[in-house]
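Understanding the architecture of this molecule
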Amino acid sequence: MSKTEDAAHLFEEIKESILKLDPVWFAENYLTLDGEPFRLTASGFKPFADIYRYSGIKALEPDAKPVGLVASRQVGKTTMATALEMYFTGSGLFGFNKAPMRIIHAFPTLVLATPYAKTKLNTMIQTSVIKVDKNNKKAKETKPFMKDALDMSSPSNDAQFFKQFKGGSHIWVESMGLTGDRLRGRTADCIFFDEVQDMLEGAISNSVRILNQAKYGKPGQGIQTFFGTPKKKGSTFHKMWNMSNQQYYHLGCEQCKGFFQLHTPDSEDWEQIWLHDFIVKCPDCG
């Protein structure tokens, strides 16, 4: 390479290292979803971009609070957790010259944990984008980005329920059980509680103790993110919602240019909302 090409290559590396700070940029440039490019900012999942950024950036700070995401099924909650796990373990921002990110993705039962490990986590690793150095004309295609990020110094680092990456960051996929004892003895920085509406309050309380030595997030509490679909009043998840700051994400109507809630408590107006081909109409414009 000439000096000009070397400088251009160095600039691209610096620019990419800065852009990787954004979990949304990372997901859209390094991950795929169902064989298609991973898209947030140009799709119906754009409201999730703020949650990605809070969970991937703000939640790491000492004054951060736990995140509880209450939403209906099939809206991408588990996909978001998986993408954030890829960001924490594959962006190069954790481990190496700073503390690695130790993650537990917890489910109520092993019945839910097993298919996630097989069909969600492993698939997102295997189908991540193949990166080629455009400045090296002799470069050949390499492994998918996240697969190449795995630490293959030991075959056990790529097990069904455990993935360890270069730099020491790793992911455990586990079930909570009735008491949370399955997680006892672990040390983690981040827990994603998935299908939290089916978890018992005592199991959650026992589980968060493994965050006492967390290197990221609020001291002694680490990074806690709860994903679930509400079932009924009085449940553990309903109590958590009542104790939260109860922020609602609003969508923008492309017809009247106003803003509206995707879901209004004790109302069925969500049935009138139309989201199709990225065109959003509120109940008033139906």
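Before reading on, note that the structure itself is shown above.
The sections below set out a description of the structure shown in this document. The structure presented is a predicted model; accordingly, all values stated were derived computationally and were not measured. (Residues numbered from 1 in each chain as written. Predicted model: local features only at pLDDT ≥ 70, side-chain atom pairs only at ≥ 80, totals over all residues. Heavy atoms only, no water.)

Concerning helix H4 (residues 77-90)
Which entries qualify depends on this criterion: In this text, helices come from DSSP runs of H or I with a minimum length of four residues, and strands from runs of E with a minimum of two, each type numbered from the N-terminal end. In a helix, the anticipated span is given by 1.5 Å times the number of residues less one.
With 14 residues, H4 extends 20 Å from end C-alpha to end C-alpha; this agrees with the ideal 20 Å at 1.5 Å per step. The first or second residue beyond H4 is glycine 92, which carries a positive phi of 85°.

A word on the nonpolar core
Selection rule: By nonpolar core is meant a set of buried Ala, Val, Leu, Ile, Met, Phe, Trp, Tyr and Cys residues that side-chain atoms within 4.5 Å join together. When accessible area is computed with a 1.4 Å probe and restricted to protein chains, residues below 20% of their type maximum are described as buried, those above 50% as exposed, and intermediate ones as partly exposed. The contact definition used throughout considers only heavy atoms, calling two residues in contact when any of these lie within 4.5 Å.
With 45 residues, the main nonpolar core has Tyr52, Met86, Phe88 and Met101 as its most contacted residues. In terms of residues, this core owes the most to one element, H4, which gives seven residues. Dropping the residues within four chain positions of it, methionine 86 is found in contact with Phe26, Leu31, Ser91, Leu121, Met124, Ile125, Met146 and Ile171. One finds Ala188, Val196, Ile210 and Phe226 within the second-largest nonpolar core, a separate group that totals 14 residues.

Quick look at the side chain of aspartate 194
We apply this condition: When charges are counted, Lys and Arg are positive and Asp and Glu negative, with His and the chain ends excluded. The working definition used for a salt bridge is a side-chain nitrogen of Lys or Arg within 4 Å of a carboxyl oxygen of Asp or Glu.
Locating aspartate 194 in the fold gives a position in the loop between strand E7 (190-193) and helix H7 (201-207). One buried charged side chain, aspartate 194, makes no salt bridge at all; its nearest oppositely charged neighbour is lysine 77, positioned 6.6 Å away. Apart from the residues within four sequence positions on either side, aspartate 194 is in contact with Thr78, His105, Ala106, Phe107, Pro108, Met199 and Phe227.

Observations regarding the packing of aromatic side chains
Defined as follows: Any pair of Phe, Tyr and Trp rings, taking the six-membered ring for Trp, is counted once the centres come within 6.5 Å. Such a pair is stacked with planes under 30 degrees apart, edge-to-face with planes over 60 apart, and tilted for the rest.
Applying the stated criterion across every chain, the model contains 13 aromatic pairs. Aromatic side chains phenylalanine 193 and phenylalanine 226 sit 4.6 Å apart centroid to centroid with 5° between the ring planes, which places their arrangement in the stacked category. You can see phenylalanine 193 sitting in strand E7 and its partner phenylalanine 226 sitting in strand E8 (residues 223-228), a full 33 residues away along the chain. As far as burial versus exposure is concerned, phenylalanine 193 and phenylalanine 226 are alike and both buried. By the ring-pair criterion, three or more aromatic residues cluster together here, those being Trp25, Phe26, Tyr30, Tyr87, Phe88, Phe94, Phe145 and Tyr216.

Considerations on the pattern of salt bridges
Applying the stated criterion across every chain, the model contains eight salt bridges. Of the charged contacts, one joins arginine 53 and aspartate 22 as a salt bridge, the two residues approaching to 3.0 Å between their closest N and O atoms. Linking arginine 53 in helix H3 (residues 48-56) with aspartate 22 in the loop between helix H1 (3-19) and helix H2 (23-30), this pair joins segments that are 31 residues apart in sequence. You can call arginine 53 partly exposed: its relative accessible area is 31%. In this structure, glutamate 174 and arginine 186 form a salt bridge, with 3.0 Å as the shortest nitrogen-oxygen distance. Of this pair, glutamate 174 sits in strand E6 (residues 170-175) while arginine 186 sits in the loop between E6 and E7, and the two are 12 residues apart along the sequence. What emerges from the salt-bridge pattern is a single network uniting Lys58, Glu61 and Asp63.

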